[in-house]
Amino acid sequence: MPVSVTKDVEKLKDTSVASPQETAATHSGASTPQGVVDVSSVRKFLMARGNSAVADRGFRWLMIACAMSIFAIVALIASELIARSQLSIAKFGIGFFFKQAWNPVTGDYGALTFIYGTLASSIVALIIAVPLSIGVSVFITEMSPKFLRGPLSFLTELLAAIPSVVYGLWAVFVLVPILRDDVNPVLMKTLGWTGFFAPPNFGQGVMTAGVILAIMILPIISSLTREVMTAVPGSQREAVLALGATRWEMIRMGVLRNARIGIVGSIILGLGRALGETMAVTMVIGNRPEIVKSLLAPGYSMASVIANEFTEASDSLYLSALVEIGLALFLVTIIVNGLARLLVWAVTRGASARVA
Amino acid sequence: MGVGIEVKDLNAWYGSNHTLQDINLNIQPNEATALIGPSGCGKSTFVRCLNRMHETNPIAKVTGSVRIGDLDIYNDASPVEVRRRIGMVFQRPNPFPTMSIYDNVASGLRLNGFRNRRVLDEVVERSLKHAALWDEVKDELKKKSGASLSGGQQQRLCIARALAVDPEVLLMDEPASALDPVSTAKIEDLIFQLKSQYTIIIVTHNMQQAARVAERTGFFLNGKLVEFDSTHKIFTNPRDKRTEDYITGRFG
């Protein structure tokens, strides 16, 4: 062993002497004592770099600042919402969030109608969009022939890039007539007994808003779901197949099960968009502050009432109430996200999240 | 009980790559058969042809016939039916990370609609005992995830999972190559015990391992089966010069 090590050192010396830098140094007259390995040019370069501690510290503080800005932004938004809704908070107290009234003439305001409208349309959107987008992702990742994969992914992502006002226009001119004349009558006939699909059928309402929202959150959920499903290692698929699983069983056990945390995450993101979406919803939800059990009836969402009435809020209490609606939207989003996280935690407790 | 396997004129391709060429061999029931050869020689592909996993790759193709017991697996059965009768253990342990140890072992039966809880309990216990893992996990069967075990334990869990469906043949594709020597020894012990009940085919890079566990050994090279004989013969007096070169380490 020692012999070979010495040989290696000898070899190293040979190469360092043979490098052009060294030859140049010898030519210029600098004499290297025999047996001492000269510092190679690479080594010189690396040693001259120093320990870069200053740059590293600067980088660290920069990153901390970026992270802290998140806290700052959230705090600023929350404090501003609270400050500007002082008038309304003082007058109605916590009851504001549980009151259906919305009467600018008498100055009586409550957020419940709008909270209902936002939640109901978002839930309708999820009911439609979740199975649809999981289906799209399963097809793209597990079944699609190669030539379809690219175009399908591209088109789903394109759906995300369409501005919401364009969705709104499309909904007004295409979706509303279709739902009013073709879909809703069938729903009323078959599911009317549930009470969720009762007349009047104007075409504009919570249901229509839910459908347009579903189309808008479809690309978010499906593109993220697709990513997570692609990340599931092939060895998991093989393990299930080798047990004698059919294609569907393999997808259920080997892919969906492993990807479920990520899928729930993508649904949360989609829900976030649905809750806050303003323009398209405003154009089709009907904008009537009323809680009706039937989803076909017009409703009103939090984002819509702010967008519609902000410019015409004539007195300061009205304006203050609208800002408090904004605060309510902020709170609802936080609560829904919190609940979703709780759900993820409950589902994954005990099981490792190795395949996220 | 294990069954014999009869392979006739088996050819396999990956795209235009002819990875298995005219393979003919008979594997005896209730024996361990080792397949050795350098990387890329086709031994893994061969094993994957025995349970029709090769064709899960869209560019793969197989011709020829494989009889397992009295079933012609390429003509008389669907891939799903074939795989239900043949267990497979892969090179890298691949337990289901979102399932408990119990659920991992029960997965094969549950997949096929088996719901009797009492029998499931028995099968899980028996399979884990067969895989020499029972004593290490019996207290946390339903609490611990399959992924929380060590590498060697995970591989034995995968063996238990394969055994739970009571296969006639157990295919092992380099089952110990990702494990440390202690875990490897455990897996080898296991193979030794299991072969009284199953027909075992094990792909390995480790020639001592082949010599230790297998009655018969096949040597693959460049997609061809160069030599197939009793392990003793292969390692002491091989017929083919290439086999001798490989087992003595004089090979590339």
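Residues numbered from 1 in each chain as written. Chains lettered and ligands numbered in written order. Predicted model: local features only at pLDDT ≥ 70, side-chain atom pairs only at ≥ 80, totals over all residues. Heavy atoms only, no water.

Focus: unusual backbone geometry
Heads up, the rule is: A run of DSSP states H or I qualifies as a helix once it reaches four residues; a run of E qualifies as a strand once it reaches two. Both are numbered from the N-terminal end.
Cis geometry marks the peptide bond from Pro 199 of chain A to Pro 200 of chain A; its omega dihedral reads 10°. Among the structural elements, Pro 200 of chain A can be located in the loop between helix H8 (164–191) and helix H9 (206–231). Phi at Asp 166 of chain B takes a positive value of approximately 50°, unusual for a residue other than glycine. You will see that Glu 174 of chain B, though not glycine, has its phi angle at about 45°, which is positive.

Some details on helix H7 (residues 181–194) of chain B
Residues and elements named next belong to chain B. Formally: Here the expected span of a helix is defined as 1.5 Å times the quantity of residues minus one. Think of it in three bands: with a 1.4 Å probe and only protein chains considered, a residue is buried below 20% of the maximum accessible area for its type, exposed above 50%, and partly exposed in between. Read the arc as the range of directions from the helix axis to the C-beta atoms. Contacts were defined at the residue level, with two residues in contact if any of their heavy atoms lie within 4.5 Å. Polar contacts, as used here, are pairs of N or O atoms within 3.5 Å; protein pairs need one atom able to donate a hydrogen and one able to accept it. Residues neighboring in sequence count only if both atoms are side-chain atoms.
Helix length check: H7, at 14 residues, gives a terminal C-alpha distance of 20 Å against a target of 20 Å (1.5 Å per residue), a fit within 8%. Regarding H7, the residues found buried are Ser 183, Thr 184, Ile 187, Glu 188, Leu 190, Ile 191 and Leu 194. Across the axial projection of H7, the buried residues extend over an arc of 155°, all falling on one side. In H7, the exposed residues that point more than 90 degrees away from the buried face are Pro 181, Val 182 and Gln 193. Looking at the buried side of H7, the elements it contacts are strand E3 (32–36), helix H4 (117–130), helix H6 (151–163), strand E7 (169–173), strand E8 (199–203) and helix H8 (207–213). The backbone nitrogen of Val 182 lies 2.9 Å from a side-chain oxygen of the residue at the head of H7, namely Asp 180.

Let's talk about the UniProt feature "domain: ABC transporter" (unreviewed entry) in chain B
Stated precisely, the cut-off is as follows: UniProt positions are given in the numbering used here, feature names are shortened, and annotations may be inferred rather than shown by experiment.
The positions that UniProt labels "domain: ABC transporter" (unreviewed entry) are, in the present scheme, residues 5–247 of chain B. Segment residues 5–247 of chain B splits into 37% helix and 26% strand. End C-alpha atoms: 25 Å apart.

Focus: the interface of chain A and chain B
To keep it simple, the criterion reads: Put simply, buried area is the surface a 1.4 Å probe can reach on two separate parts but cannot reach once they are joined, added for both. Think of a salt bridge as a Lys or Arg side-chain nitrogen and an Asp or Glu carboxyl oxygen that are within 4 Å of each other.
Counting from both sides, the interface comprises 22 residues of chain A and, opposite them, 24 residues of chain B. Taken over both partners, the interface formed by chain A and chain B buries close to 2000 Å², and the fraction arising from carbon and sulfur atoms is 60%. It is Glu 238, Ala 242 and Leu 243 of chain A in chain A that bury the most area against chain B; as a group they hold 29% of the surface buried on that side. At the junction of chain A and chain B, the tally comes to one salt bridge. Among the salt bridges present, the one from Arg 48 of chain B reaches Glu 238 of chain A, with a minimum N-O distance of 2.5 Å. The interface formed by chain A and chain B holds four residue pairs in polar contact (both at pLDDT 80 or more) in total. Of all the secondary structure elements, the ones that give two or more residues to the side of chain A that touches chain B are helix H10 (234–242) and helix H11 (247–276) of chain A.

A closer look at the sheet that holds strand E1 (residues 5–14) of chain B
Residue and element names in this part refer to chain B. What counts here: The pairing criterion for strands is at least two bridges between them, as found by DSSP. To obtain an axis, a line is fitted to C-alpha atoms, over the contacting stretch when the element is a helix, and the angle between two such axes runs from 0 to 180 degrees between their N-to-C directions.
In spatial order, the strands read E2-E1-E4-E5; together these four strands make up an open sheet with antiparallel pairing. Two strands bound the open sheet, and with one partner strand each, they are strand E2 (17–27) and strand E5 (71–72). Taken together, the eight bridges between E1 and strand E4 (residues 60–68) define a ladder with antiparallel strand orientation. Considered in E4, the bridge of Val 7 is made with Val 66. Here helix H1 (residues 43–50) sits on the sheet and contacts E1, E2 and E4; the angle it forms with E1, its principal contact strand, is near 115°.

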